[in-house]
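# Structural description and commentary
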Amino acid sequence: EMCIRDRWYQRRVRGLPIDSMPLVLNPADPWLVPDICDSGTLSSGSQEDVAFDCESPTTIVAPPRSVPFTPTPRAVLGVIQIGTDLVMDSEGALLVAQIPGVMIRFAKIKLEREKICHQTYLEAYEKGNINTAVDSLSLPAGFVTHWGVACTSLSFELGRERLQSCFAEGAKSTDMWRGVLAALGALKLPRKKLAMLVPYIQEVGYKNARLLAMQGYEVTAFMSLNMERDIQASAIEPAFLAECAEVLAHKDVDAVFIGCSALRCCTPGYIQELEAKTGLPVITSTQAFLWHMLREAGIEDKLDGYGELFQL
């Protein structure tokens, strides 16, 4: 059974006459008052001002003008993140909210365990969990314009080929590790000497450093905080991360790289203040990832507070 409201709208949309329309009352519908009508019919009236023949009439009012819609977004970023990520939702949204006409959407990859390691990521990939996360943002169709996988260690552990296979053919996609490399390249560091701060267990941290070396960078100062789980990394005080970066900055390097999106180090003003203290460019995983996605999407807006990178 339909309530009065639903039947009226159905007839109006179809262009059917609304006078003398029989009522079908649905007692469970909270929109109706118990004694809404005695007559069992709608009173006569125009489509712009229809009143029920009731003791307390309800008037359906037409909108004051045609419904306005906001312009189509300049870009829509579809961020696929691991389920244990507690930071990207807030830091990513804060950054993108400062860029007019750009939207960001998030989907989570289900993990079977919390430990940050190759096996955790491989299992999620083989079970199709990354594909499932991507599919969850497939509607509205074509709404997401650029895709990105947001986890530094997952990106370099699984590699570009595996991750690209999770997206539809022709989809524009990247990942956090590619974002980091693009950001470092954009800085044009004279000696390519880096200080590196990561929260990982040594096995994952050392692999990250080796991959940088394979790209021609020299990690001359390295600090790992030996955290096994994202929830531990995300609980680290941002002020402590800044202290660690300042220590590393004194080791004859060209830039400081803070790896892992679980670390809280991409809030407005944080990177800019850290660069002022260290006198060096600072790259963080989240900052580099979002910068890379935006630039690939053709969004060249500069942002204050997010370091030298976002002035490029």
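Report follows, based on the coordinates.

## Re the sheet that holds strand β10 (residues 282-284)
Here four strands make up an open sheet; going across it, the order is β8-β7-β9-β10 and the pairing parallel. Of all the strands in the sheet, the pair left with one neighbour each is β8 (218-224) and β10. If you compare each strand with its neighbour and ignore which way they point, the axes differ by 20° on average. Pairing between strand β7 (residues 193-198) and strand β9 (residues 255-258): four bridges, direction parallel. When the sheet's bridge partners are listed, Leu197 is paired in β9 with Ile258. In the packing of helix α8 (residues 202-214) onto the sheet, the strands contacted are β7, β8 and β9, and the crossing angle to β7 comes to about 160°.

## Observations regarding the pattern of salt bridges
For the structure on display, the rule yields eleven salt bridges. Its salt-bridge partner being Glu112, residue Lys127 comes within 3.9 Å of it at the nearest N-O pair. One end of the pair, Lys127, is in the loop between α3 (118-126) and α4 (129-135); the other, Glu112, is in the loop between β4 (102-109) and α3, with 15 residues separating them in the sequence. Take Glu112: its relative accessible area is 36%, and that puts it in the partly exposed class. In this structure, the salt-bridge partner of Asp175 is Arg178, at a minimum N-O distance of 3.0 Å. According to the relative accessible area criterion, Asp175 is buried, its value standing at 2%. What makes Arg178 buried here is its relative accessible area of 16%. Among the charged side chains, a network of salt bridges with common partners joins Arg191, Lys193, Asp252 and Asp254.

Cut-offs applied
- Residues numbered from 1 in each chain as written.
- Predicted model: local features only at pLDDT ≥ 70, side-chain atom pairs only at ≥ 80, totals over all residues.
- Heavy atoms only, no water.
- Pairing = 2+ DSSP bridges.
- Helix = DSSP H or I, 4+ residues; strand = E, 2+ residues; numbered from the N terminus.
- Axes fitted to C-alpha atoms, helices over the stretch in contact; angles between N-to-C directions.
- Contact = heavy atoms within 4.5 Å.
- Salt bridge = Lys/Arg side-chain N within 4 Å of Asp/Glu carboxyl O.
- Buried < 20%, exposed > 50% of the residue type's maximum accessible area, 1.4 Å probe, protein only.

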